Amino acid sequence: MEDVLETYALPYDPEIPLICMDEQPIQRLDHSRPPEPMKAGQVLREDYEYVRKGSCSLFLFTEPHAGWRHVQASERRTKSDWALQIQELLEVHYPEAKRIRLVMDNLNTHTCMKLLHQNRHGPWRSGSRFITPLSMEVG
């Protein structure tokens, strides 16, 4: 935990940004009956019964020192989905960064080997350096 707090306390460096990542499974719901619109003197009437419309996973990336955030929805939450999100982070959002400090939890889908396997021909494979299970530097 102290390592993560020390990482947050580092001064801002645009060439080595600090990125925080988390993901959340979300249940997609719909109304079982359409809500009744409001009328004069009456509040919106809405049934608590719902219909399940599947699920998805939200990936959130934020750079707290720069005020930047990015959210992406995915149908699943697999190791490959996570690796593709990291690839997009590096190649689309931070292509000019020398390195990225990535702080995340140690969920079973967040594996360094999946990054290397998924992107074995990617431009950022060589020189990747991983510090701890909770945070990593890429680049």
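For the structure itself, consult the block above.
Residues numbered from 1 in each chain as written. Predicted model: local features only at pLDDT ≥ 70, side-chain atom pairs only at ≥ 80, totals over all residues. Heavy atoms only, no water.

*Asks:* Can you walk me through the side chain of E63 in this structure?
*Replies:* Relative to the helices and strands, E63 is located in strand β2 (residues 50–63). R101 is the oppositely charged side chain nearest to the buried, salt-bridge-free E63, at an N-O distance of 8.9 Å. A distance of 2.4 Å separates a polar atom in the side chain of E63 from a polar atom in the side chain of Y94. Leaving out residues up to four positions away in the same chain, E63 has contacts with Y12, P17, L18, I19, W68 and Y94. (Helix = DSSP H or I, 4+ residues; strand = E, 2+ residues; numbered from the N terminus. Buried < 20%, exposed > 50% of the residue type's maximum accessible area, 1.4 Å probe, protein only. Lys, Arg positive; Asp, Glu negative; His and termini not counted. Salt bridge = Lys/Arg side-chain N within 4 Å of Asp/Glu carboxyl O. Polar contact = N/O pair within 3.5 Å; in protein donor to acceptor, adjacent residues only side chain to side chain. Contact = heavy atoms within 4.5 Å.)

*Asks:* Help me understand the pattern of salt bridges, please; the structure alone is not making it clear to me.
*Replies:* Oppositely charged side chains are able to pair whenever their charged atoms sit close together. The full count for this structure, using the stated rule, is four salt bridges. In this structure, R33 and D47 form a salt bridge, with 2.2 Å as the shortest nitrogen-oxygen distance. In this pair, R33 is assigned in the loop between β1 (18–31) and β2 and D47 in the loop between β1 and β2, connecting sequence segments 14 residues apart. We classify D47 as partly exposed; its relative accessible area is 33%. A salt bridge links E49 to R33; the shortest N-O distance between them is 3.6 Å. Residue E49 is located in the loop between β1 and β2, and its partner R33 is located in the loop between β1 and β2; the two are separated by 16 residues in the primary sequence. Judged by its relative accessible area of 46%, E49 is partly exposed. Assessed through its relative accessible area of 42%, R33 is described here as partly exposed. Connected through shared salt-bridge partners, R33, D47 and E49 make up one network.

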